[in-house]
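# Report on the structure
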Amino acid sequence: MNICDLIYKKRNNGKLTEEEIRFAVSSYVSGGVADYQMSAMLMAMFIRGIDKAETFALTKAMVESGKVCDLSRIEGPKIDKHSTGGVGDGTSLVIAPLAACAGIIVPMMAGRSLGHTGGTLDKLESIRGFRVNISETQYKKQLQKLGVAMISQTQNLAPADKKMYALRDVTATVDSIPLIAASIMSKKIAEGADGLVLDVKTGTGAFIQKKEDCEELAKLMVEIGENCSKKMDALITDMSQPLGNCVGNALEVKQAINVLKSTGPKDFTDLVLTLTSRMLILGKVEKDIQRAKARLKKLLNSGAALEKFREIIIAQKGDPRVIDKPDKYLPKAAGKCPLAAKNAGFINSINTREIGLASVLIGAGRTKKEDKIDTGAGFVIYKKLGDYVKKNEPLARMHYNHSKNVEEAKNRFINAYSITENKGSYPPLIYSEIS
Ligand code: URA
């Protein structure tokens, strides 16, 4: 087999066989296929498209390029949650301990901030000492003991995806539905869980904004998972405004602690309860959503889920004092300033991607993989869709440590809000379920 022939075939709209895809992927990982050849293949796939069989084969080849984590010795239903990324979406920080309290084993291998969206690992690292890179042995021990671990992907997990994603990132081939589906699912399948609840975001702050495209992506990911014998569920949820009231790493950890104390924002809490209850159903811990939600609310109200979060922090060498005194022990910003509304009226729409990019400008996210995150920086949001605001009333407060980019971030945030005289209609938090 020759990679040039395969690129030629795809370029001319041919269908690649499972064997051909496996050859291309494994040769790329072992060095027999060069970056420029794989880039050409990815561009051909992007433009010509790949069908379902090719997508399944691509996912499988990427899973097989590394090690699949074997969690079979750990008793209990192993269910994870994955979000396609958003602004203010720190739900994993709450869902992982909450689901574990209800009897789910949560093997959470999370990601870092990417573009305008935040990442769970960066948020966790705003807790002093918290370690996200732990050995596989340690990871399994923790899962056995606590029922939950929140770590970075191990080195050998779907290495083909890592290399191919790096190419896609710089060759304008990221936003292809089958390539995204194969990329996400290869990592999730290699992670070794029995099931997965997907939170596919739609709206101005999502990677894929159109609802129809999100539905296609969700369906495809569900099919890929089921093809690999995973229990799957997916929700299409709203990202046309930031979730909750905080954007930025330490701020989002503080908000998560409030949610774990049942004093968090309603939209955030509702989404947490919905996604976690679906994990309970997939894991056969509960039979119906209402009962699952009632059980989860009890675990929040009793403080059990908060205690589980404390146990995770202790197990992963973080400073557990953040639980009781987040204001004292989480990183803070030296400067704060209000972001005032330009005119009076109702918040009609929010360009959420711009809010995410404004947070990157003040260091809460990164533009390059190597960038260091300023964990204290971010926004506390006061006004959301449908709220009334007076002229010059604060929409939010910006927390920052460095004056560089502050003016640009401020303008970007304020201009992301569209304020109109009349109240409009606003999107629901949850659009639909794909299962
Ligand atoms: N996240 C991934 O892991 N892969 C993609 O292709 C896009 C987003």
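A brief look at the structure comes next. Here the structure is a predicted model, which means the values were calculated and not measured.

Criteria and thresholds
- Residues numbered from 1 in each chain as written.
- Predicted model: local features only at pLDDT ≥ 70, side-chain atom pairs only at ≥ 80, totals over all residues.
- Heavy atoms only, no water.
- Near = heavy atom within 4 Å.
- Polar contact = N/O pair within 3.5 Å; in protein donor to acceptor, adjacent residues only side chain to side chain.
- Areas by Shrake-Rupley, 256 points an atom, 1.4 Å probe, with all protein chains shown as cover.
- Helix = DSSP H or I, 4+ residues; strand = E, 2+ residues; numbered from the N terminus.
- Nonpolar A, V, L, I, M, F, W, Y, C, P; charged D, E, K, R; others polar.
- Salt bridge = Lys/Arg side-chain N within 4 Å of Asp/Glu carboxyl O.
- Buried < 20%, exposed > 50% of the residue type's maximum accessible area, 1.4 Å probe, protein only.

Moving on, we get to the site of the ligand. Residues in close proximity to the ligand include Tyr 165, Arg 168, Ile 180, Ser 183, Ile 184 and Lys 187, which together make up its full environment. Within the side chain of Ser 183, an N or O atom sits 2.6 Å from a nitrogen atom of the ligand. Here Lys 187 contributes a side-chain N or O atom positioned 2.5 Å from an oxygen atom of the ligand. The fraction of the free accessible surface of the ligand (240 Å²) that becomes covered by protein chains is 85%. It is helix 9 (residues 177-190) that provides the largest number of residues to the shell around the ligand, a total of 4 residues. Each residue belonging to the shell around the ligand can be placed in one class, and the counts come to 3 nonpolar, 1 polar and 2 charged.

Our focus in this paragraph is the pattern of salt bridges. Close approach of charged atoms allows side chains with opposite charge to pair. Taken as a whole, this structure holds 33 salt bridges when the rule is applied. The salt bridge partner of Lys 9 is Glu 20, with a shortest N-O separation of 2.8 Å. Of this pair, Lys 9 sits in helix 1 (residues 3-11) while Glu 20 is found in helix 2 (residues 18-30), placing the two residues 11 residues apart along the sequence. For Arg 366, the salt bridge is made with Asp 122, and the minimal N-O distance between the two is 3.0 Å. Pair noted here: Arg 366 is in the loop between helix 17 (352-361) and strand 9 (378-381) and Asp 122 is in helix 6 (residues 120-124), with a separation of 244 residues, a long-range link. Assessed through its relative accessible area of 2%, Asp 122 is described here as buried.

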